[in-house]
Amino acid sequence: MTSSTVVYDYTRQDATGESCTAHAWAKVPPTLPAAERAATRERIKTLLKERNAVLIAHYYVDGDLQDLALETGGCVSDSLEMARFGRDHAAQTLIVAGVKFMGESAKILSPDKRVLMPDLDATCSLDLGCEADDFAKFCDAHPDRKVVVYANTSAAVKARADWMVTSSCALAIVKHLKDQGEKILWAPDRHLGRYIQQQTGADMLMWNGACIVHDEFKGLELDLLKQQHPGALVLVHPESPESVVAQADVVGSTSQLLKAVVESDAPAFIVATDNGILHRMRQLAPGKVLIEAPTAGNSATCKSCAHCPWMAMNALQGVLSCLEHGTGEIHVDEATRVKAHGCIDRMLSFVAQNPAAIAKPAQGFVPNIGAA
């Protein structure tokens, strides 16, 4: 296996300014009183019909938004399926409850539709930590490598890539490239990149980014928690540190972890991903015990405490503002959109042509879940 070289690091996660998580938490809308909440939900339902709009929510946003999306004919899913759902839906306005790269992905696949988000400041540490100009310099310095980027990147970064991947098709695509003799330039998540490199043996040069939620899970604390719950299966997203992934019974994307809870006979699960997904897990597997994996804790030094501060910025109030005032519109420059669409389309075509490769399990990955 070829060792990766860390070239860039993202050091702004704890700094003050727009990338600071404290800034994000400060923008989280207040919880509405029960009567106002009910009235807001009904108003949104009415406007979705009147505006020919559909609500598309990620597993990590507030449970209210997830429920409302399903009640009104929208969807709750991972980032790529959100974009595909919006592309294939008849609605001409897409309300995307998630973070900005998800809205951009929806716009890339649906250029003729209006894409609105509850708060355009809702972003992602992986996206923030992979700035397009710096990434372009990184790529230019290594022209012999195929550029493979994770979905959690901006449209501008995707426009510079040869391939986009999700956490459930990344193994198959990187293995495919390795078998063709290609060397890989990978961005931005170092933990996911390391896991894929270990599984495939590919020559991968890594960008040094991390998700602030998954990076906080602790291997030592997880081991202690497992001792307290010996019958629980450990479910881990591959954006987590190596010491956490090594203890997993299942390693997979949000959809794969959800599928594992629903289909497994185990009575209890320790879940190492954003705790927003527990809402949907409880709905689909009401008899199962779900235990949050340990992070740095709930103190002032905790960056995430297993929940993304930018996901938490999504609320009913923001959805209503989108529908009433057209706020939070996503725009992607057409030249950028066309280039970014190329790397996404390449992935979708590979998945369609190689379903067996995607379905094949690889050390804990749950098979037969699809491409995202």
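Residues numbered from 1 in each chain as written. Predicted model: local features only at pLDDT ≥ 70, side-chain atom pairs only at ≥ 80, totals over all residues. Heavy atoms only, no water.

Caption draft 1: Representation of empty space enclosed by the protein in the model. Going through the model one piece at a time under the given rule, you end up with 2 cavities of 30 Å³ or more. Computed from the structure, the largest cavity encloses a volume of approximately 330 Å³. As for the largest cavity, its lining consists of 30 residues, and the residues nearest its centre are His-58, Tyr-60, Tyr-150, Asn-152 and Glu-239. Considered class by class, the residues forming the lining of the largest cavity number 16 nonpolar, 11 polar and 3 charged. (1 Å grid on protein atoms, 1.4 Å probe; cavity = no way out; pocket = protein on both sides within 12 Å on 5 of 7 lines; lining within 4 Å. Points joined across faces, edges and corners; volume = space filled by probe spheres on them. Nonpolar A, V, L, I, M, F, W, Y, C, P; charged D, E, K, R; others polar.)

Caption draft 2: Representation of the packing of aromatic side chains in the model. Under the definition given, this model contains 3 aromatic pairs. Among the aromatic residues, those joined into a ring-pair cluster are Phe-135, Phe-138 and Trp-207. (Phe/Tyr/Trp six-rings, centres within 6.5 Å; stacked < 30°, edge-to-face > 60°.)

Caption draft 3: The arrangement of the sheet that holds strand 1 (residues 53-58) in detail. Strand order in the open sheet formed by 4 strands is 2-1-3-4, and the pairing between neighbours is parallel. Where the open sheet ends on each side, the last strands, each with one partner, are strand 2 (75-77) and strand 4 (114-116). Going across the sheet, the axis of each strand differs from the next one's by a mean of 25°, ignoring polarity. Note: strand 3 (residues 93-97) against strand 4, 3 bridges, orientation parallel. What sits directly across from Ile-95, in strand 4, is Leu-116. Its contacts with the sheet put helix 3 (residues 63-71) on strand 1, strand 2 and strand 3, and the angle it makes with strand 1 is roughly 140°. (Pairing = 2+ DSSP bridges. Helix = DSSP H or I, 4+ residues; strand = E, 2+ residues; numbered from the N terminus. Axes fitted to C-alpha atoms, helices over the stretch in contact; angles between N-to-C directions. Contact = heavy atoms within 4.5 Å.)

Caption draft 4: Quick look at the packing of helix 2 (residues 34-50) against helix 15 (residues 316-325). Put simply, helix 2 and helix 15 touch, their axes get as near as 10 Å, and they point 35° apart. Crossing of helix 2 over helix 15 shows left-handed handedness. Packed against helix 2, whose contacting residues are Arg-37, Thr-40, Arg-41, Arg-43, Ile-44, Leu-47 and Leu-48, the element helix 15 presents Leu-316, Val-319, Leu-320, Leu-323 and Glu-324 at the interface. In the contact of helix 2 with helix 15, the residues fall into 7 nonpolar, 1 polar and 4 charged. (Left-handed = near helix turned anticlockwise from the far one by under 90°.)

Caption draft 5: A look at the sheet that holds strand 7 (residues 183-187). Sheet architecture is open: 4 strands sit in the order 6-5-7-8, paired in parallel fashion. The sheet terminates laterally at strand 6 (163-165) and strand 8 (204-206), the two strands that pair on one side only. Recorded for the sheet is a direction-independent mean angle of 30° between the axes of neighbouring strands. The pairing of strand 5 (residues 145-150) with strand 6 spans 3 bridges and is classified as parallel. Across the sheet, Tyr-150 pairs through a bridge with Val-165, a residue of strand 6.

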